[in-house]
Amino acid sequence: MPTHNELNDTIIGEKIYCVFEKQPTKPTRVSTTGRHNAQAITIKGNPACAIIVKTVRYIED
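I will try to describe carefully the structure that is included in this document. Because the structure is predicted, anything quoted here is derived from the model rather than measured.

By definition, a disulfide is the covalent link that joins the sulfur atoms of two cysteine residues. Counting across every chain of the model gives zero disulfides. A disulfide-free cysteine, Cys 18 has its sulfur positioned 8.1 Å from the sulfur of Cys 49, the nearest such atom. Among the residues examined, Cys 18 registers a relative accessible area of 33% and is labelled partly exposed. Among the residues examined, Cys 49 registers a relative accessible area of 34% and is labelled partly exposed.

In this structure, Pro 47 follows Asn 46 across a cis peptide bond, with omega equal to -5 degrees. For Pro 47, the location among the structural elements is in the loop between strand E3 (38-40) and strand E4 (49-54). Located in the positive-phi region is Asn 8, a residue other than glycine, with phi close to 70 degrees. Within the fold, Asn 8 resides in the segment before strand E1 (15-19). On the accessibility criterion, Asn 8 (69% relative accessible area) is exposed.

Let us now look at the pattern of salt bridges. What the rule picks out here adds up to one salt bridge. Glu 14 is the salt-bridge partner of Lys 54, the closest N and O atoms lying 3.3 Å from each other. On the criterion of sequence distance, the pair formed by Lys 54 in strand E4 and Glu 14 in the segment before E1 is long-range, its members being 40 residues apart. Assessed through its relative accessible area of 41%, Glu 14 is described here as partly exposed.

The rules behind each value
Residue indices begin from 1 for each chain and proceed along its sequence in written order. Reporting of local features is limited, given that this is a predicted model, to residues whose pLDDT is at least 70; pairs of side-chain atoms are given and counted only at 80 or more, and all residues count toward the totals for whole chains, interfaces and linings. As a convention, hydrogens and water are excluded, and side-chain values are obtained from all of the structure's heavy atoms. Disulfides are defined as cysteine sulfur pairs within 2.5 Å. The rule is simple: take the accessible area with a 1.4 Å probe, protein chains only, and divide by the maximum for that residue type; under 20% is buried, over 50% is exposed, in between is partly exposed. A run of DSSP states H or I qualifies as a helix once it reaches four residues; a run of E qualifies as a strand once it reaches two. Both are numbered from the N-terminal end. By definition here, a salt bridge exists when the distance from a side-chain nitrogen of Lys or Arg to a carboxyl oxygen of Asp or Glu is within 4 Å.

Below, the structure written as structure tokens:
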């Protein structure tokens, strides 16, 4: 399994498991396509870690 640890590396999944040390920031609303909005948080750790638990079945281009 590759590890992405450079600035601005991205992981995409339908379900992502995160491990972190400090309390995350408050959720902020993010505009997405469609009528529903998503939420985003920033997690902090030394290091913070995220693992894809469920892969995306379909991604629109």
